[in-house]
Amino acid sequence: MDLRGKVAFVTGASQGIGRACAMLLAEAGADVALGSRNLGKLESVAKDVQNLGRKPLIVPLDVSNRDSIAEGAGSALKAFGKIDILVNNAGIAKDNLAMRMKPEDWEIVLRTNLDGAYYCSRALLPGMVKQRYGRIINIASVVAQAGNAGQANYIASKAGLIGLTKAVAAEVASRNITVNAVAPGFIRTAMTDKLPEAVEQRLLSLIPLGRMGTDREVAHGVRFLASDEAGYITGHVLNINGGMYMA
């Protein structure tokens, strides 16, 4: 999976799955635009990308804000001249039961997770169409497929992202642009490390493989979908969930 000569744009690249995606794409040879609100953490990621011999670009980015997306996409295109790969990873969660959820919590999660991915794609698709090449990978979630109590806003945003993936895939396939989604299951993060033992064991009981995944395991799926080897895959949802959801 050789990505030399390619340029990737990863949103939410400062930590977790986004950081892992940025690093694996760089390891495969891609230069990487790193988008996030957390510029301090992006500095560290940029240094790691540079240590791999690749060119990083720090992009201040708030995907809940259309002006920020337009500015971020513009700065990346100006710096690199093109974007070949877009990873729509940035997202938030504000959980509560549907009947207790604050309207503002519903709106910001949809605006960040779904609208943000749409507007990032919209900003970068014209260049991909012009060059007749592109890879868009959207980070969805297992709960968008299986459901989960207390996450109506998050699940609606991620299920919408799967629908967006399929719609845009159909629109741009003739231009040699593939659009796919990755749906991670429970992934080991700093947040899950703080879970009480009883809660973690309950979660693990739902996973046939008996363990949580890692951010790099998700990123390996993203790197594959970004590669030429995945050129005949589009409109697909790649489940990386340890068997938690099978369909």
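Residues numbered from 1 in each chain as written. Predicted model: local features only at pLDDT ≥ 70, side-chain atom pairs only at ≥ 80, totals over all residues. Heavy atoms only, no water.

Focus: the packing of aromatic side chains
Piece 1. Considering all chains together, one arrives at 1 aromatic pair under this definition.
Piece 2. Ring geometry for Tyr118 and Tyr119: centres 4.8 Å apart, planes at 70 degrees, overall edge-to-face.
Piece 3. By relative accessible area, which is 36% here, Tyr118 ends up partly exposed. (Phe/Tyr/Trp six-rings, centres within 6.5 Å; stacked < 30°, edge-to-face > 60°. Buried < 20%, exposed > 50% of the residue type's maximum accessible area, 1.4 Å probe, protein only.)

Re the environment of Asp62
Piece 1. Assignment of secondary structure puts Asp62 in the loop between strand 3 (56–60) and helix 3 (66–80).
Piece 2. With residues up to four places along the chain from it excluded, the contact list for Asp62 reads Arg37, Ser68 and Ile69. (Helix = DSSP H or I, 4+ residues; strand = E, 2+ residues; numbered from the N terminus. Contact = heavy atoms within 4.5 Å.)

Comments concerning the pattern of salt bridges
Piece 1. Applying the stated criterion across every chain, the model contains 8 salt bridges.
Piece 2. Two residues, Asp31 and Arg54, come together in a salt bridge whose shortest N-O distance is 3.4 Å. Of the two residues, Asp31 is situated in strand 2 (residues 31–36) and Arg54 in the loop between helix 2 (39–51) and strand 3; the sequence distance between them amounts to 23 residues.
Piece 3. Taking the shortest distance from any N to any O, the salt bridge between Asp84 and Lys82 comes out at 3.1 Å. (Salt bridge = Lys/Arg side-chain N within 4 Å of Asp/Glu carboxyl O.)

Here we look at helix 3
Piece 1. With 15 residues, helix 3 ought to run about 21 Å at 1.5 Å a step, and its terminal C-alpha atoms sit 21 Å apart, in line with that.
Piece 2. Within helix 3 the residues assigned to the buried category are Ser68, Ile69, Gly72, Ala73, Ala76 and Phe80. Down the axis of helix 3, the smallest arc covering the buried residues is 125 degrees, so these residues share one side. Facing away from the buried side of helix 3, by more than 90 degrees, are the exposed residues Arg66, Asp67, Glu71 and Lys78.
Piece 3. Considering only its buried residues, helix 3 is in contact with strand 1 (7–11), strand 2, strand 3 and helix 4 (103–131).
Piece 4. Two or three places before Asp67, at the start of helix 3, stands the capping residue Asn65, its side-chain oxygen 2.8 Å from that residue's backbone nitrogen. (Expected span 1.5 Å × (residues − 1). Arc of directions from axis to C-beta. Polar contact = N/O pair within 3.5 Å; in protein donor to acceptor, adjacent residues only side chain to side chain.)

Focus on the state of the cysteines
Piece 1. This model, assessed by the stated rule, comprises 0 disulfides.
Piece 2. The thiol sulfur of Cys120 is not disulfide-bonded, and the nearest other cysteine sulfur, from Cys21, lies at 14 Å.
Piece 3. With a relative accessible area of 5%, Cys120 lands in the buried category. (Disulfide = S-S within 2.5 Å.)

Some details on empty space enclosed by the protein
Piece 1. Enumeration according to the criterion identifies 2 cavities of 30 Å³ or more in this entry.
Piece 2. In this structure, the largest cavity spans a volume of roughly 50 Å³.
Piece 3. Lining the largest cavity, in full, are Thr11, Val63, Asn88, Asn89, Ala90, Thr112, Asn113, Gly116, Ala117, Ile139, Lys158 and Leu161.
Piece 4. Secondary structure elements with two or more residues in the lining of the largest cavity: helix 4 and helix 6 (152–172).
Piece 5. For the lining of the largest cavity, the element with the most residues is helix 4, which contributes 4 residues.
Piece 6. When its residues are assigned to classes, the lining of the largest cavity shows 5 nonpolar, 6 polar and 1 charged.
Piece 7. By volume, the second largest cavity amounts to about 30 Å³. (1 Å grid on protein atoms, 1.4 Å probe; cavity = no way out; pocket = protein on both sides within 12 Å on 5 of 7 lines; lining within 4 Å. Points joined across faces, edges and corners; volume = space filled by probe spheres on them. Nonpolar A, V, L, I, M, F, W, Y, C, P; charged D, E, K, R; others polar.)

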